[in-house]
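# Structural overview
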Amino acid sequence: MHLTEQAAIPTRVIGLISGTSVDGIDAALVEISGTELDIKIELLAGETYPYPGDLRERILEICAQKAISMAELAELDDAIALAFAQAAQNIQIGHQPATLIGSHGQTVFHRPPGDWGLGTRDWELGNKNSLGYSLQIGRGALIAHLTGITTISNFRVADIAIGGHGAPLVPRVDAYLLSHPQEGRCIQNLGGIGNVAYIPPRRDDWLTKIRGWDTGPANSLLDLAVQHLTAGAKSYDESGKWAASGTPCYPLVEQWLSQDYFHLPPPKSTGRELFGVAYLHECLKDAEPYQLSPADLLATLTELTVASIARSYQTFLPQMPQRVLLCGGGSRNLYLKQRLQLLLPSVPVLTTDEVGLNADFKEAIAFAVLAYWRQLGIPGNLPAATGAPREVLLGEIHLVE
Ligand SMILES: Nc1ncnc2c1ncn2[C@@H]1O[C@H](COP(=O)(O)OP(=O)(O)OP(=O)(O)O)[C@@H](O)[C@H]1O
Ligand SMILES: CC(=O)N[C@H]1[C@@H]2OC[C@@H](O2)[C@@H](O)[C@@H]1O[C@H](C)C(=O)O
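Read on for a plain summary of the structure. (Residues numbered from 1 in each chain as written. Chains lettered and ligands numbered in written order. Predicted model: local features only at pLDDT ≥ 70, side-chain atom pairs only at ≥ 80, totals over all residues. Heavy atoms only, no water.)

## Comments concerning the overall build of the chain
- When its secondary structure is counted, the chain shows 15 helices and 12 strands.
- Its C-alpha atoms give the chain a radius of gyration of 20 Å, within 12% of the compact-globule value 21 Å for 401 residues.
- With the principal axes as the frame, the chain shows a C-alpha extent of 65 × 55 × 45 Å.
- Restricting the contact set of the chain to residue pairs at least 6 apart, pairs at least 24 apart contribute 71%.
- When the accessible area of the chain is evaluated, it comes to approximately 16300 Å², of which 52% is carbon and sulfur surface.
- Of note, the chain has its 29 positive side-chain charges centred 5 Å away from the centre of its 42 negative side-chain charges. (Helix = DSSP H or I, 4+ residues; strand = E, 2+ residues; numbered from the N terminus. Rg over C-alpha atoms; globule rule 2.2 N^0.38 Å. Contact = heavy atoms within 4.5 Å. Areas by Shrake-Rupley, 256 points an atom, 1.4 Å probe, with all protein chains shown as cover. Lys, Arg positive; Asp, Glu negative; His and termini not counted. Charge placed at Lys NZ, Arg CZ, Asp CG, Glu CD.)

## Here we look at the site of ligand 2
- Close to ligand 2 lie 18 residues, the nearest being T107, R156, L169, V170 and D214.
- V170 places a polar main-chain atom, nitrogen or oxygen, 2.9 Å from an oxygen atom of ligand 2.
- Isolated, ligand 2 exposes 430 Å² of accessible area, and the fraction of that covered by the protein chains is 97%.
- The pocket occupied by ligand 2, as judged from atoms lying within 2 Å of grid points, is the largest pocket.
- Put simply, the parts of the chain that give the shell around ligand 2 at least two residues each are β4 (100–111), β5 (133–137), β8 (193–199) and α14 (362–376).
- Per-element tally for the shell around ligand 2: the top contributor is β4, with 3 residues.
- Both domain 1 (3–167 + 361–398) and domain 2 (170–355) contribute no fewer than three residues apiece to the shell around ligand 2. (Near = heavy atom within 4 Å. Polar contact = N/O pair within 3.5 Å; in protein donor to acceptor, adjacent residues only side chain to side chain. 1 Å grid on protein atoms, 1.4 Å probe; cavity = no way out; pocket = protein on both sides within 12 Å on 5 of 7 lines; lining within 4 Å. Sits in = over half its atoms within 2 Å of the grid points. Domains from an automatic or database assignment.)

## A look at the pairing of strand β1 (residues 11–18)
- Within β1, 8 of the 8 residues are buried, leaving the element largely enclosed by the surrounding structure.
- Side chains of β1 alternate between two faces, with T11, V13, G15 and I17 and R12, I14, L16 and S18 buried alike.
- Bridge analysis of β1 against strand β2 (residues 25–33) gives 7 bridges, and the strand direction is antiparallel. Bridging across to β2, L16 finds its partner in A27.
- Counting the residues that bridge the hairpin from β1 to β2 gives 6 residues, and of these V22 lies at a positive phi of roughly 50 degrees.
- Looking at chain direction, β1 and β4 are connected through 5 bridges and run parallel. Along β4, the bridge assignment pairs S18 with Q106. (Buried < 20%, exposed > 50% of the residue type's maximum accessible area, 1.4 Å probe, protein only. Pairing = 2+ DSSP bridges.)

## Some points on the site of ligand 1
- In the vicinity of ligand 1, 22 residues are found, and the nearest of them are T20, S21, D223, S239 and G329.
- In this structure, an oxygen atom belonging to ligand 1 sits 3.1 Å away from a main-chain N or O atom of I193.
- Burial of ligand 1 by the surrounding chains reaches 87%, relative to a free accessible area of 650 Å².
- Under a 2 Å grid-point criterion requiring more than half of the atoms, the pocket assigned to ligand 1 is the largest pocket.
- For the shell around ligand 1, a count of residues per class yields 4 nonpolar, 12 polar and 6 charged. (Nonpolar A, V, L, I, M, F, W, Y, C, P; charged D, E, K, R; others polar.)

## Let's talk about the sheet that holds strand β9 (residues 211–217)
- Pairing in this open sheet of 5 strands is mixed, and the strands run β9-β8-β7-β10-β11 from one edge to the other. In this open sheet, the two edge strands, each paired with only one partner strand, are β9 and β11 (349–351). Neighbour to neighbour, the strand axes of the sheet diverge by 25 degrees on average, direction disregarded.
- Looking at chain direction, strand β7 (residues 185–190) and strand β10 (residues 323–327) are connected through 5 bridges and run parallel. Across the sheet, R185 pairs through a bridge with R323, a residue of β10. (Axes fitted to C-alpha atoms, helices over the stretch in contact; angles between N-to-C directions.)

## Quick word on the environment of G46
- Relative to the elements of secondary structure, G46 occurs in strand β3 (residues 40–49).
- For G46 and D360, which are 314 residues apart along the polypeptide, the C-alpha to C-alpha distance reads 8.5 Å.
- Those residues in contact with G46 that lie beyond four places of it in its chain are A27, A28, I91 and F361.

## Points about unusual backbone geometry
- Put simply, A167 and P168 share a cis peptide bond, and its omega is -15 degrees.
- Considering the arrangement of structural elements, one finds P168 in the loop between α5 (157–161) and α6 (170–178).
- Backbone geometry places A231, a non-glycine residue, at a positive phi of 50 degrees.
- With respect to the helices and strands, A231 occurs in the loop between α7 (220–229) and α8 (241–244).
- Owing to a relative accessible area of 76%, A231 belongs among the exposed residues under this scheme.

The following block contains the structure:
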């Protein structure tokens, strides 16, 4: 069948991802038709399924560089695949079955190209010629076997193999789902890590002007601070209420913003390897002389997130957007949203919900679209965002016997 004929028939696809917050598996059941400019998606169902048992804790431990044996890694890989397969089964309840799954899996390690130092703020650019490495576990072959549905996984490896970062991948999907004929937009994801897609107005050579990069920490340091301050009783600051009762310590924010990552020009990517537990401990040490209250500390970390985002737009974008659309869990942090709006006074800061795309499930939807594109033979990476030298097909296909 010709590509356009194939794409005219709506395909029911499940997108699955657990992100850097490791707060559970986001599952989206979507109906997709069209290809790129004419792509249409309908979200039929979206759910977040918490990881069963102690899986979350085990994942967070290895993200924080705990050494494990190969046998433990294999066991974790299967446990995650099983949980993802279960999520895929559950999201279909009450709906016509899906024929395709796009599973991002769980990132447990991400090294950008260039062999940069990890786990410390003292990292420097190293050998720029070395390839990146990114490991997402929860093997697709097992998900395909358990669900009986063709599953596409390992989306990042093809881009990395040709020299890209393998991240962020969502900007290309954002471009086709959220571009506007007259308006330049920044789509800002606020997960554990933040990433942006800048999408110029959809005219002339707009595709060549799209940009994307990881902005740095979004909620990762905030969540870790909340856990630290509550001795594990709380995992995040609901709506940012706690932070809102404090005051940011601006000299500390400026000190933190001098860190190399924020000054590195895009394309660039990062993860919990940099903005994780060790990083928070460095921040806590820096904060000691200021004797901040817990609320002030959270307000200061929130300011780091929003200032790093606003300054990266001011520094790296060809022009400022006319609108910022937030997505990801951090879009529910009202204090963070309000602070970002204050730093970008001439740009309305909204969420993607307000333009009709669910802000909580956009990443899961994106991996459904990437799987759909893979099946149609359409590339999924955006070289300007990943740094790869060209477009490539993303994802390994696991057929059901
Ligand atoms: N109601 C809320 N108020 C404040 N913060 C929230 C709220 N809901 C979610 N969050 C924050 O969002 C985080 C989860 O966001 P999300 O699910 O987008 O992350 P992720 O997909 O794991 O990360 P990434 O995009 O980096 O892969 C939570 O850890 C929490 O910090
Ligand atoms: C290696 C990895 O999992 N990176 C994530 C992470 O979470 C946000 C940011 O860092 C982004 O680069 C990416 O996720 C989204 C889904 C992306 O690839 O666009």
